[in-house]
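Chain by chain, the residues run as shown.
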2 protein chains.
Amino acid sequence: MQLLRVDMKQGKTRWEPVPSVYTQLGGRGLTARILLEEIPPTCDALGPLNKLIIAPGLLGGAGVTTAGRLSIGAKSPLTGGVKEANAGGTAGDLLPRLDLKAIVIEGQPETTDIFILVVRNGSAELVPAGAARGLGTYATAEHLWKKYGTGCTILSIGQAGEQLLSGAAIACTGEGEQHSNIAARGGLGAVMGSKGLKAVVLDKAGAKSVPFADPDVFRTASKRFAQELINDPKLGPKGGTHLYGTASITAAVNEMGSLPTRNFSNGSFESSEGLRGETLRETVLARQGKIGTRCMPGCVIACRNVYVDDAGEPIVGTLQYETIALVGSNLGLGNLDDVGRLNYMCNDFGLDTIETGAALGVALEAGLGKYGDYESIAGLLRQVGEGTTLGRLIGSGAVTTGRVLGVRRVPAALGQAMPGYDPRSLKGNGVTYATSPQGADHTAGNAFGARKEVNPLGVEGQRQLSLKLQIISAMLDSTGLCLFARPPVISDPQLMVDMLNGRYGWGWTKEDLDRSNRDLLRTELEFNRQAGITAADYRIPEYMRTEPLAPHGATFDVPDSELDAVFEAL
Amino acid sequence: MQLLRVDMKQGKTRWEPVPSVYTQLGGRGLTARILLEEIPPTCDALGPLNKLIIAPGLLGGAGVTTAGRLSIGAKSPLTGGVKEANAGGTAGDLLPRLDLKAIVIEGQPETTDIFILVVRNGSAELVPAGAARGLGTYATAEHLWKKYGTGCTILSIGQAGEQLLSGAAIACTGEGEQHSNIAARGGLGAVMGSKGLKAVVLDKAGAKSVPFADPDVFRTASKRFAQELINDPKLGPKGGTHLYGTASITAAVNEMGSLPTRNFSNGSFESSEGLRGETLRETVLARQGKIGTRCMPGCVIACRNVYVDDAGEPIVGTLQYETIALVGSNLGLGNLDDVGRLNYMCNDFGLDTIETGAALGVALEAGLGKYGDYESIAGLLRQVGEGTTLGRLIGSGAVTTGRVLGVRRVPAALGQAMPGYDPRSLKGNGVTYATSPQGADHTAGNAFGARKEVNPLGVEGQRQLSLKLQIISAMLDSTGLCLFARPPVISDPQLMVDMLNGRYGWGWTKEDLDRSNRDLLRTELEFNRQAGITAADYRIPEYMRTEPLAPHGATFDVPDSELDAVFEAL
């Protein structure tokens, strides 16, 4: 496999063999390692020294179900530390079949020109963005499909990324017209914008099958993996994740008092009924929308939906839990139509719905709109696309919005907004938010699934739980697996080892796999350390330690010493 | 002497004896020590755990010329580290004569009420701000003088502090109607606003003479100190500082290519002629304004002016160099009338002219106004007082303005905007900007005066020079001395030792004085370390290392290793 290096200053592309230090790395593991090896951790995240790295997981392209997540990494303009965000779509499967282990975007044009990177027929070139400039991500994809064919996968930024806003995301197309796959977190869209890169076009013509070191070992393991997912009562065809999507957890999170409500001022939302997975399913089916669609080819879980309006017209490609929490209950909205419309706007502008939902919550607390009032909220969000100062502010994320508007109650850790679980009543997530090298993140080590093993309101065991989950996340994000697909490989890690050995012939043991996952976290922590991030930064905001959260009256009371000790056992 | 503690949560005040650990500390030394002893360095700067400390220098109230500077300290919302800003006016002289070593403002009201702290007749009380709410600092002082008498000294915040903006300052009144004395830097006005404190009224009725341990030793030393200042060719009655004010250096800074011009994109300004001290003097005298006024009672240097318009009406209480550089050449303005009007607005809103000038420069680079166009610039500044989102943004300082507007070229260190010397062509100042625990600051260790000893464009000797100057600054800021008054005490430190021993009877040696100054820096560095500030933060922005500055084509090329080594010899 090869690395494609793109020099945005010179406007040149270069294919090169993968350096040996990167060979056994993929996805988040590869992006983290390239960052630590190749950029100064103290560099200006939006300057020429940062690099944007696009890397499929180790199992991408091999036909493993759910293993097509695409990792995108860079130093984050939001956290100032290492960042990886991953997304579904077709790129994670396609890149390895184009013989690409990663695309590394380097440097910065000296003009304000912006470009499209076109990868086709074994070559790559930069062409002027032309009419794509200023378009939203949906229109950008339409424009480029028209030009390069609908067989292409498109990664693009919208107005937010072009404006270099720290809440900007990168949108990735999937099968057919569906392209609500967003590498959302940490402002990677702003990094892409700072490189003068509007979009990447990946043409699947010429894609090949990936080679296998031991096809039998691989096939046996990957088949068993898929079968175990299908057999799983939660994930299989009759499971909640498939039937209700990620919104299947809304009711449970609300019940445990952890549902972000009106800028994280309550853990329980009186109108959460309207945001439940059951409501979503009924509404979509009644309106002739779609339930059980996929973000990646071949996924056996199929947790997505096409959320439609009364007339059956699509509102947004999929409505997922974190968005429902952050732009729903967090803004006092209990209606999925409202949430879906805000979600579409975020996707189109190329914005992280979590960061933007949190920023909007802060703006509402400052009095710039009203909780529960769709029109005032949509009016604020629309301004991001328009590029007004207020729009730029909200697009810059929750922390900056709070700073400028004088709001102290900002739900964020390491500069990044919290996803859909208030850490006061799900303390394991608080430990992960505080200590993950990624900042507050719902995929870096989510304790929701372990709520029956470790008391979400207690302190005991949270630090051990968070570390365990963070190591699992490292594995998933390196191999390209979806978070939901973890049960089979957790209960039998040999399954993962066999898939990797079958694909690459490394002769790994379970210990090698474990070491690799831990190494990823060590790499990220080392990057952050060199970037100047210390224990003082790996914290939950002060107000969450003192303001009790209804309905349990819980504060975040995990001692700092416990946070500092999370990685002692790494 | 006593400490006055003001509990803003309970609305109560308490006088207490000075704890022994604070006895030999004053001004910046005392504020730093109280912060390290009494607040968690990681606390939310605008939350209830931060404290705002108002402390005169050790020689305040004793009738030493130029020694009436008032220190105000807190954790900074701008830098996230320790902060002290000092100002002239009458408070630094008055507080010790009211037997007050410091006022410590603690806690935070649980409502949005705001208050006035009134200190008179040996008591202190909090009263509702009433009609003072929302007023600028000039109108606040007028309002409070009407109520409490013109004999009172007023410390107040304007609209910027009430809005909790990180560029907000605290204004301090002086003799008569003149009150352009600003404790400007680091967002202390926002901290005061976060405490719900609009103003402090200090009634001089009941003020006494301070006691002297050895009046003869004190008198001999303080007289010699004053006489040496009078005899100094630069500082005496015929010296440039008196005749032309701080603007006397405009021409020299321009000539050395270090004058911030159009957002620090040039070190030389084609219209700098209009900003020179000579121009200022001629204009003021021709218009019947005042030259050679004082910020503190009894100052023998008297570097201030009352800058007036064509009709002889005051535009602003004094025009000083840093303001002239930051809201003059840095915004492309070569006319002192324009600068004076912007200066007045900053003072009235309660804004740091350096931070705000830098933020405006960034906003102009983003295209929100035009360099050299007073109307567009004043229009932006006016919005801070009006509280629009754009106004709030600019009032939040240069770094936040750059982040939201997508501008990478932000002249700041440790989150705080640079004063009137581009560090690329005055590298000693660059070393101080980068390494001072205060962030970029012109009084923390200014190498301009040493430009003939150490080549401003060279690397050699800068680190040693910066440390020397930072230690001297620590002495000045602890004793209440003005930066200009340093020559006599530098050439003979025994003079300072005698004044302190004469006042307090400590029996100090020169070594004790030196230890005390170094201890101050150690205290501040330790606070910052605990706040999570590391070597990665003590840096000059990346673009200044790569973009050459006209006219010398200089970059900031002092190696990081030299920056890291500054305090090795502390």
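Please refer to the structure higher up on the page.
Report follows, based on the coordinates. Keep in mind that what you see is a predicted model, and the values were worked out from it rather than measured.

Glancing now at the overall build of chain A. If you tally the helices and strands in chain A, you get 22 helices and 17 strands. Seen along its three principal axes, the alpha-carbon backbone of chain A occupies a region of about 55 × 50 × 50 Å. Buried positions account for 65% of the 570 residues belonging to chain A. Taking all contacts inside chain A whose residues are at least 6 apart in sequence as the whole, residues at least 24 apart take part in 69%. Approximately 18400 Å² of chain A is accessible, and the part contributed by carbon and sulfur atoms is 49%. Measuring between centres, the 55 positive side-chain charges of chain A sit 2 Å from its 60 negative side-chain charges.

Our focus in this paragraph is the relation of the copies chain A and chain B. Of the transformation placing chain A onto chain B, the axial shift is 0.0 Å and the rotation is 180°, giving an RMSD of 0.0 Å. In the structure described here, the two chain copies are related by an operation that fits a two-fold rotation axis.

Turning our eyes to something else, we now look at the interface of chain A and chain B. Listed per partner, the contact involves 32 residues of chain A and 32 residues of chain B. Carbon and sulfur atoms supply 54% of the area that chain A and chain B bury against each other, a total of about 2300 Å² over both sides. A per-residue breakdown of the area chain A buries against chain B is headed by Arg403(A), Val404(A) and Glu542(A), which together make up 25% of the total. On the surface where chain A and chain B come into contact, there are two salt bridges. A salt bridge links Asp44(B) to Arg408(A), with the shortest nitrogen-to-oxygen separation between them at 2.6 Å. Counting the contacts that link chain A with chain B gives six residue pairs in polar contact (both at pLDDT 80 or more). Only helix H14 (389–395) and helix H15 (398–405) of chain A provide two or more residues apiece to the side of chain A that touches chain B. A breakdown of the residues in the side of chain A that touches chain B according to their chemical character gives 14 nonpolar, twelve polar and six charged.

Residue and element names in this part refer to chain B. Where helix H11 (residues 336–349) meets helix H13 (residues 374–386), the closest approach of the two axes is 10 Å, and the angle between their N-to-C directions is 5°. When the interaxial angle is binned, H11 and H13 end up roughly parallel. Where H11 approaches H13, its residues Asp338, Arg341, Leu342, Met345, Cys346 and Phe349 are matched on the opposing element by Tyr374, Ile377, Ala378, Leu381, Arg382, Val384 and Gly385. By residue class, the composition of the contact of H11 with H13 is nine nonpolar, one polar and three charged.

So, on to the packing of aromatic side chains. Enumeration over the complete set of coordinates arrives at twelve aromatic pairs over all chains. Judged by centre distance (4.4 Å) and plane angle (40°), the rings of Phe212(A) and Phe218(A) are tilted. Pairing Trp506(B) with Trp508(B) gives two aromatic rings, centres 4.9 Å apart and planes at 40°, and the pair type is tilted. An identical accessibility class is assigned to Trp506(B) and Trp508(B); each is buried.

Moving on: unusual backbone geometry. Residue and element names in this part refer to chain A. Of note, the bond from Ala550 into Pro551 is cis; its omega dihedral lies within 30 degrees of zero at 5°. Within the fold, Pro551 resides in the loop between helix H21 (542–546) and helix H22 (560–564). A positive phi angle, close to 65°, is found at Thr66, a residue other than glycine. Here Thr66 shows up in the loop between strand S3 (52–56) and strand S4 (70–75).

Another aspect to go through is the pairing of strand S8 (residues 123–128) of chain A. Residue and element names in this part refer to chain A. Examined bridge by bridge, strand S7 (residues 115–120) and S8 share six bridges and lie antiparallel to one another. The residue bridging Ile116 from the neighbouring strand is Val127, located in S8. The turn linking S7 back onto S8 is made up of two residues, and Asn121 within it adopts a positive phi angle of 50°.

A word on helix H20 (residues 510–530) of chain B. All names here are of chain B. Its 21 residues place the ends of H20 30 Å apart at the C-alpha level, agreeing with the 30 Å of an ideal helix rising 1.5 Å per residue. Among all positions of H20, only Leu513, Ser516, Asn517, Leu520, Leu521, Thr523, Glu524, Leu525, Phe527 and Asn528 are buried. Buried-residue contacts for H20 involve helix H1 (27–38), strand S4 (70–75), strand S5 (82–87), helix H16 (427–435), helix H17 (462–479) and helix H19 (493–504). Looking one or two places after H20, you find Gly532, whose phi comes out positive at around 95°.

Turning our attention to the packing of helix H6 (residues 215–231) of chain A against helix H19 (residues 493–504) of chain A. Residue and element names in this part refer to chain A. Orientation of H6 relative to H19, taken along the N-to-C sense of each, is 145°, at an axis distance of 7 Å. When the axes of H6 and H19 are compared, the crossing they make is left-handed. Packed against H6, whose contacting residues are Pro215, Val217, Phe218, Ala221, Ser222, Arg224 and Phe225, the element H19 presents Leu495, Asp498, Met499, Gly502 and Arg503 at the interface. The class makeup of the residues in the contact of H6 with H19 is seven nonpolar, two polar and three charged.

Residues and elements named next belong to chain B. Counting through the fold element by element, Arg224 comes out in helix H6 (residues 215–231). A relative accessible area of 37% places Arg224 in the partly exposed class. With 264 residues separating them along the chain, Arg224 and Pro488 place their C-alpha atoms 8.8 Å apart. Every residue in contact with Arg224, bar those within four places of it in the chain, is listed here: Asp492 and Leu495.

Time to look at the sheet that holds strand S3 (residues 52–56) of chain B. Whether parallel or antiparallel, the strands of a sheet pair through hydrogen bonds between backbone atoms. Residues and elements named next belong to chain B. Within the open sheet, the six strands sit side by side as S2-S1-S6-S3-S4-S5. Their pairing is mixed. With one partner strand each, in any of the chains shown, strand S2 (12–17) and S5 form the two edges of the open sheet. On average, each strand axis in the sheet is inclined to that of its neighbour by 20°, with strand direction left out of account. In terms of strand pairing, S3 meets S4 through four bridges, oriented antiparallel. Along S4, the bridge assignment pairs Ile53 with Gly73.

Residues and elements named next belong to chain A. Summed over the entire model, instances satisfying the criterion amount to 76 salt bridges over all chains. We note a salt bridge from Asp216 to Arg219, for which the minimum N-O separation is 3.4 Å. In this pair, Asp216 and Arg219 are both assigned in helix H6, three residues apart and thus about one turn of the helix distant. Taken together, the shared-partner salt bridges in this structure form one network comprising Arg5, Arg14, Glu16, Glu38, Lys51 and Glu106.

Counting 246 residues, the largest nonpolar core has Ile103(A), Leu117(A), Ile103(B) and Leu117(B) as its most contacted members. Ranked by size, the runner-up nonpolar core spans 29 residues in total, among them Leu229(B), Met496(B), Val497(B) and Trp508(B).

Attention now moves to the pairing of strand S9 (residues 152–156) of chain A. Within a regular beta strand, the side chains point alternately toward one face of the sheet and then the other, so they alternate between its two faces. Residues and elements named next belong to chain A. The buried fraction of S9 is high, at five of five residues. Of the two faces of S9, the one holding Cys152, Ile154 and Ser156 and the one holding Thr153 and Leu155 are both buried throughout. Judged from the five bridges that link them, S9 and strand S12 (residues 197–203) form a sheet pairing that is antiparallel. The partner of Ile154 across the bridge, within S12, is Val201. Bridge count for S9 against strand S10 (residues 170–172) is two bridges, and the pairing is antiparallel. Looking at S10, one finds that Ser156 is bridged to Ala171.

Looking now at the side chain of Ser166(B). Within the secondary structure layout, Ser166(B) lies in the loop between helix H4 (159–162) and strand S10 (170–172). Given the relative accessible area of 3%, Ser166(B) is considered buried. Leave out the neighbours within four places in its chain, and Ser166(B) touches Arg403(A), Pro77(B), Leu78(B), Gly186(B), Gly187(B), Ala190(B), Gly395(B) and Ser396(B).

Calculation rules
Residues numbered from 1 in each chain as written. Chains lettered and ligands numbered in written order. Predicted model: local features only at pLDDT ≥ 70, side-chain atom pairs only at ≥ 80, totals over all residues. Heavy atoms only, no water. Helix = DSSP H or I, 4+ residues; strand = E, 2+ residues; numbered from the N terminus. Buried < 20%, exposed > 50% of the residue type's maximum accessible area, 1.4 Å probe, protein only. Contact = heavy atoms within 4.5 Å. Areas by Shrake-Rupley, 256 points an atom, 1.4 Å probe, with all protein chains shown as cover. Lys, Arg positive; Asp, Glu negative; His and termini not counted. Charge placed at Lys NZ, Arg CZ, Asp CG, Glu CD. Least-squares fit on C-alpha atoms with pLDDT ≥ 70 in both. Buried area = accessible area lost by both parts, 1.4 Å probe. Salt bridge = Lys/Arg side-chain N within 4 Å of Asp/Glu carboxyl O. Polar contact = N/O pair within 3.5 Å; in protein donor to acceptor, adjacent residues only side chain to side chain. Nonpolar A, V, L, I, M, F, W, Y, C, P; charged D, E, K, R; others polar. Axes fitted to C-alpha atoms, helices over the stretch in contact; angles between N-to-C directions. Parallel < 35°, antiparallel > 145°, perpendicular 65-115°, else oblique. Phe/Tyr/Trp six-rings, centres within 6.5 Å; stacked < 30°, edge-to-face > 60°. Pairing = 2+ DSSP bridges. Expected span 1.5 Å × (residues − 1). Left-handed = near helix turned anticlockwise from the far one by under 90°. Core = buried A, V, L, I, M, F, W, Y, C linked by side-chain atoms within 4.5 Å.

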